[in-house]
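# Chain and residue survey
The chain contents come next:
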Amino acid sequence: MNRWVNFLSLLPGTLLTLLIISIAFLRFYDETDFTLLGYVANARTWSNRCTVAALVVALVGFCVEWDRRNREAARTANERAEAKQRSLEEGERAARRARIQNRWILLQARYLLNPSAGVEAAIADFIQFLQE
């Protein structure tokens, strides 16, 4: 799919180039320069038609490029939002880990200062919390 999108994105520019070459060929040369132009009945009319077609192709190319840039900008904005969300979630996880670690350090300090049954029960509750 992506290969076709890449191929089709080249089409307006290529077609525009070919139309401009055709316009110049039909405008500035005649059958004395190229015998091939003797087969074209109204070179000026065909040149005008090619000019209109070139304008349409240029407009289509502009619209394709506009759409591509808008999609790219939207994709970039989505990536930034996702990165910000991941960063916020990581920050919340780090803060939660720090709170748990601080609680453990405080319980250890309490036990070292006062090894009572209440502190042992709090440590047991904390260990049970960690196991969950």
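Scroll up to find the structure.
Throughout what follows, the structure given in this document is the object of discussion. (Residues numbered from 1 in each chain as written. Predicted model: local features only at pLDDT ≥ 70, side-chain atom pairs only at ≥ 80, totals over all residues. Heavy atoms only, no water.)

### Observations concerning the overall build of the protein chain
In plain terms, the rule: Under the DSSP-based scheme used, a helix requires at least four consecutive residues in state H or I and a strand at least two consecutive residues in state E, with every element numbered from the N terminus. All radius of gyration figures rest on C-alpha atoms, and the globule criterion is 2.2 Å times the number of residues raised to 0.38. Whether a residue is buried, partly exposed or exposed follows from its accessible area with a 1.4 Å probe, protein chains only, as a fraction of its type maximum: under 20%, in between, or over 50%, in that order. The contact rule is simple, with two residues in contact once any of their heavy atoms fall within 4.5 Å.
Each helix and strand in the protein chain was counted, giving three helices and zero strands. Taken against the 2.2 N^0.38 rule, which gives 14 Å for 132 residues, the C-alpha radius of gyration of the protein chain at 37 Å runs more than 25% over that of a compact globule. Principal axes of the C-alpha set define a box for the protein chain whose edges measure 115 × 20 × 20 Å. In the protein chain, buried positions account for 10% of the 132 residues. The contacts of the protein chain with a sequence gap of at least 6 include a subset with a gap of at least 24, amounting to 44%.

### What about the pattern of salt bridges?
Rules: A pairing counts as a salt bridge when a side-chain nitrogen of Lys or Arg comes within 4 Å of a carboxyl oxygen of Asp or Glu.
Scanning the entire structure with this criterion turns up seven salt bridges. With its nearest N and O atoms 3.7 Å apart, the salt bridge here joins Arg97 to Glu90. Shared partners join several salt bridges into a network, and the residues in it are Glu65, Arg68 and Arg69.

### Points about the packing of aromatic side chains
Worth spelling out the cut-off: A pair of Phe, Tyr and Trp rings is counted when the ring centres sit within 6.5 Å of each other, with Trp represented by its six-membered ring. The angle between the planes then sorts it: under 30 degrees is stacked, over 60 is edge-to-face, the rest tilted. By the criterion adopted, a ring carries a charge over it if an Arg CZ or a Lys NZ lies within 6 Å of its centre and within 35 degrees of its normal.
As enumerated under the stated definition, the model contains one aromatic pair in all. The cationic tip of Arg49 hangs over the ring face of Trp46; the distance from NZ or CZ to the ring centre is 4.7 Å.

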